[in-house]
Amino acid sequence: MDIHEYQAKEVLAGFGVTVPEGALAYSPEQAAYRAREMGGERWVVKAQVHAGGRGKAGGVKVCASDVEIGEACEDMFGMKLVTHQTGPDGKGVYRVYVEAAVPIAREIYLGFVLDRTTQRIMIVASAEGGMEIEEISAEKPESIVRAVVEPAVGLRDFQCRQMAFKLGVEPALVQQMVRTLQGCYRAFTELDATMVEINPLVITEDSRVIALDAKMTFDDNALFRHPQIAELRDKSQEDPREARAADRGLNYIGLDGNIGCIVNGAGLAMATMDTIKMAGGEPANFLDIGGGATPERVAKAFRLVLSDKNVQAVLVNIFAGINRCDWVAEGVVQALRDVKVDVPVIVRLAGTNVDEGQKILAKSGLPIIRANTLSQAAERAVGAWKNDLSQGVTMRAVS
Ligand code: GDP
Ligand code: MN
């Protein structure tokens, strides 16, 4: 789960990271009021969306008066901010953060990530702050410094000092760097984060080390033990299809194609998507029903996939171990009876109780296209989809 910049700053401040003074606003009037309350002469108005690259997309504006704050907000509120991280649809701006502007002397990139190769938390930093890490690694790879944290002992101060020196931070500020790095590390581990990124971490003209931007991502599977973090969820920033699924306890990933996929297990989902692509189609999503899915759960999954307006065919691919093919079949039949479906439905079942499952599908009298293997299922799904397209059938699942 992602959180907003202002939330990440509040979290990190709780771990000793210095952040600029700021205030949240839900309207232009409130933004101007909160800036006056804060005092000062220059402020930065920042659109709160779950994506970086806002600066270049018009989501970060430096203002020198109430009027300018009002104008900046008028432009931002309600807009769909499109940055290189949001995808073409952009993300809605419903909150802005107003900060006291900071005089920047230097910008540093700082990121904490989980490194798969070392299976450790890795700190990635660069003296070329302000640029995105992708740009830095393409254009200035030699500027990147890394440190790996040994979990048995945690992040050591000497590693932080070493990193500060490599980044060319002057000796008088090294202690502030240590505090910042240790704060981020503690927030990362204690809150089960999967990513902390501060870009830029700035050194101000008056020699302070401040996190000017902050991004945090948390492990969804650990949210249950961090209610204060779970509470920061903002559904307006999520793919509505994925948010609806999450509310129903289903794992759903929205994609751009037309074939809806209902599968069990992430590995099978990957294989199913590859096979669809090899057959000339594009998946619209994948929905993982997990293990031990009841007919009700399968039916729920089915309705969810059908509610996606991009879905023009549905492929059910279940390899049942813990699952039962007969329950899956019952779920499919239940859903097709409840919801009027006018897109082709292809079902491939294998594993536990497969014969019972096939019988249920056959007896239902519903126009379900059956397949025995994954490649056959993918070919039939793509074939049925193309056939419907060429016949000009209006393909919408109506509920
Ligand atoms: P992002 O584009 O979404 O990563 O948003 P950032 O919060 O990183 O802001 C983009 C850029 O705006 C930063 O890299 C800074 O150069 C600039 N910026 C943000 N806040 C301030 C500020 O307080 N003072 C000054 N001078 N520049 C700022
Ligand atoms: Mn940034």
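Owing to the predicted nature of the structure, the values given are computational and were not obtained by experimental measurement.

It is worth spelling out the overall build of the chain at this point. Helix and strand counts for the chain come out as 13 helices and 18 strands. Considering only C-alpha atoms, the chain reaches an extent of 80 × 50 × 40 Å along its principal axes. Split into buried and exposed, the 399 residues of the chain put 52% on the buried side. Restricting the contact set of the chain to residue pairs at least 6 apart, pairs at least 24 apart contribute 68%. The average position of the 44 basic charges and that of the 53 acidic charges among the side chains of the chain differ by 6 Å.

With that settled, the discussion passes to the coordination of the manganese ion (ligand 2). Ideal values differ by geometry: the angle at a metal is 109.5 degrees with four tetrahedral donors, but 90 or 180 degrees with six octahedral donors. For the manganese ion (ligand 2), the full set of protein donor atoms is Asn199 (O) and Asp213 (OD), and the range of their distances to it is 2.1 to 2.2 Å. Separated by 14 residues along the polypeptide, asparagine 199 in strand S10 (residues 193-204) and aspartate 213 in the loop between strand S11 (209-211) and strand S12 (215-218) bring together distant segments of the chain. Summarising the burial analysis for this pair, asparagine 199 and aspartate 213 share the class buried.

Attention shifts here to the domain arrangement of the chain. Frequently, the measure chosen for interface size is the accessible area that the parts lose on association. Taken as a whole, the chain is organised into domain 1 (21-100), domain 2 (104-229) and domain 3 (240-390). With centres defined by C-alpha atoms, the gap from domain 2 to domain 3 works out at 42 Å.

Let us now look at the environment of threonine 272. Along the chain, threonine 272 turns up in helix H9 (residues 266-278). Exposure remark for threonine 272: the relative accessible area of 0% places this residue in the buried category. It is 9.2 Å that separates the C-alpha atoms of threonine 272 and alanine 377, two residues lying 105 residues apart in sequence. The residues contacting threonine 272, other than those within four sequence positions of it, are Cys261, Val263, Leu315, Asn317 and Leu374. A polar side-chain atom of threonine 272 sits 2.6 Å from the main-chain carbonyl oxygen of leucine 268.

Counting buried positions along strand S14 (residues 259-263) yields five of five residues, so the element is predominantly enclosed. Here S14 shows two buried faces, one formed by Ile259, Cys261 and Val263 and the other by Gly260 and Ile262. Bridge analysis of S14 against strand S16 (residues 313-320) gives five bridges, and the strand direction is parallel. Note on S16: the bridge partner recorded for valine 263 is asparagine 317. Summarising the sheet, S14 and strand S15 (residues 285-288) pair through two bridges and their orientation is parallel. Across the sheet, the residue bridging to isoleucine 262 is leucine 287, located in S15. Handedness of the crossover joining S14 and S15 through H9 is recorded here as right-handed.

The rules behind each value
Residues numbered from 1 in each chain as written. Chains lettered and ligands numbered in written order. Predicted model: local features only at pLDDT ≥ 70, side-chain atom pairs only at ≥ 80, totals over all residues. Heavy atoms only, no water. Helix = DSSP H or I, 4+ residues; strand = E, 2+ residues; numbered from the N terminus. Buried < 20%, exposed > 50% of the residue type's maximum accessible area, 1.4 Å probe, protein only. Contact = heavy atoms within 4.5 Å. Lys, Arg positive; Asp, Glu negative; His and termini not counted. Charge placed at Lys NZ, Arg CZ, Asp CG, Glu CD. Donors = N, O, S within 2.8 Å, 3.2 Å for Na, K, Ca; no water. Domains from an automatic or database assignment. Polar contact = N/O pair within 3.5 Å; in protein donor to acceptor, adjacent residues only side chain to side chain. Pairing = 2+ DSSP bridges. Right-handed = clockwise from strand over helix to strand, strands pointing away.

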